[in-house]
Amino acid sequence: MSDWMSDLPEAAQQYLHGHRLDEVECVIADLPGIARGKAVPASKFARQKFFHLPDSIFFQTITGDWGEAAGDDGFIEKDMILEPDMSTATAAPWTGDWTLQVIHDAFDRHGEKVPFAPRNVLKRVVEMYRAQGWEPVVAPEMEFFLIARNLDPAQDIKPMTGRSGRPAAARQAYSMTAVDEFGPVIDDIYDFAEAQGFEIDGITQEGGAGQLEINLRHGDPVKLADEVFYFKRLIREAALRHDCFATFMAKPIADEPGSAMHIHHSVLDIKTGENIFSGPDGEETEIFTHFIGGLQHHLPEAIAVLAPFVNSYRRYVRDHAAPINLEWARDNRTTGIRIPLAPPQARRVENRIAGMDCNPYLGIAASLACGYLGMMEKRVPSAEFSGDAYEGEGDIPRVLGQALDRFEEATALHEVLHPDFARVYSIVKRAEYEEFLQVISPWEREHLLLNV
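Note that the coordinates shown come from a computational prediction; the quantities given were computed from them, not determined experimentally. (Residues numbered from 1 in each chain as written. Predicted model: local features only at pLDDT ≥ 70, side-chain atom pairs only at ≥ 80, totals over all residues. Heavy atoms only, no water.)

Participant: How do you make sense of the packing of aromatic side chains when you look at a structure like this?
Facilitator: Here the distance between the centres and the angle between the planes together describe a pair of aromatic rings. Applying the stated rule across the entire model yields 19 aromatic pairs. Both rings, one in Phe59 and one in Phe75, keep their centres 6.4 Å apart while their planes meet at 55°; by these two values the pair is tilted. Residue Phe59 is located in the loop between β3 (51–54) and β4 (79–84), and its partner Phe75 is located in the loop between β3 and β4; the two are separated by 16 residues in the primary sequence. The class for Phe75 is partly exposed, based on a relative accessible area of 39%. For the ring pair Phe229 and Tyr361, a centre distance of 5.9 Å and an interplane angle of 50° mean the geometry is tilted. Note that Phe229 is positioned in helix α7 (residues 221–240) and Tyr361 in helix α9 (residues 360–377), a separation of 132 residues in sequence. Neither residue differs from the other here; Phe229 and Tyr361 are each classed as buried. Among the aromatic residues, those joined into a ring-pair cluster are Phe58, Phe59, Trp66, Phe75 and Phe116. (Phe/Tyr/Trp six-rings, centres within 6.5 Å; stacked < 30°, edge-to-face > 60°. Helix = DSSP H or I, 4+ residues; strand = E, 2+ residues; numbered from the N terminus. Buried < 20%, exposed > 50% of the residue type's maximum accessible area, 1.4 Å probe, protein only.)

Participant: Honestly, unusual backbone geometry in this entry has me stumped. Any pointers?
Facilitator: For residues that are not glycine, phi is negative in most cases, and the peptide bond is trans in most cases. Although it is not a glycine, Glu77 adopts a positive phi angle of roughly 55°. Notably, His418 is not glycine yet its phi reads approximately 120°, a positive angle. Looking at the element boundaries, His418 is found in the loop between α11 (411–417) and α12 (419–437). The class for His418 is partly exposed, based on a relative accessible area of 24%.

Encoded structure:
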């Protein structure tokens, strides 16, 4: 085994034990969270310290079109220098040969971090916390649907057929029988996750037909974002083995709940390792309330990152398991900001706004940025909400255009995420929104064609 392979993470070494590594997939997440990169023979990877990709991968919309975000140099597709983070080396166990994946970080020709690379955005926010003596901790929850193969975009999405031969039924939240319906897919998810060294905290059936949730153990934000990035591919590959698709769309089926990426937050004091949300006697601290206040004040500006597509806003429907406002409460799943039941050392804040369609690096970065600003600005939250928050008024943007308006005015948020990221993100998402507005929907043809 060559020197670089002897330093691989333990799970990667176990995966390769007794086998010859064939290929390395060098990957990086673009703005939507799609894996971009190159696959290279293992022998070539061993000789290269970096590889190149054009910076234009960050100017591309979800449809493959381009936003005019290249800046003063123009659209010349400058090469970035992509350097491997070997701590992210992990198996690609669904491939036909012995393959590793390695996440790379993006630098420009001067060795500076590319500010609109999503992993760099998250690292920047984490570094701001650490400059204050704080260590942010997150735990994401991943919701997704297993659906029947859909090859025609004009056709409605339908749940997958389970092992019983019946289409997956909705409204069976937490049902073990429902989980068993997807047993072969879940078995492969577990097997792939084990091969990749990921620890799943649990899998449950959610309220939608064919909808599952995977919880991950809390930890470092960058590491957890890496895992969600990897998990999306892992789950898709497991589904394909069983003649179905996995989708992370926020709202894939009209009458079913949407899919969220709830983000649990706590913050530790770097020197003591103690949770700064709890005082010496276990009481809630002022900084805890400031974090909540920051989410309430700044999340409307960050919604365009947490809900990045036109479909994302179809999830925020009253009484459909998604928040419609930014009220906060203890142990109340109808509010946008929830304080789960937990002992003082595990006191945390759950952001229930983010959709599963968001880029995990950017979604976690934006959520952390809102809490950071709240702590720095000493934001005071509203009074704790009591009752059913679905009965209240909605106070978050309802369409992507409105969300982008708020994002573009959020100068304080831009300074945390990076102004150049904010510039590029806004241009690309505006281009994408304009593309969507050119599409005539079936609803318009049905109700307007002969009636107006």
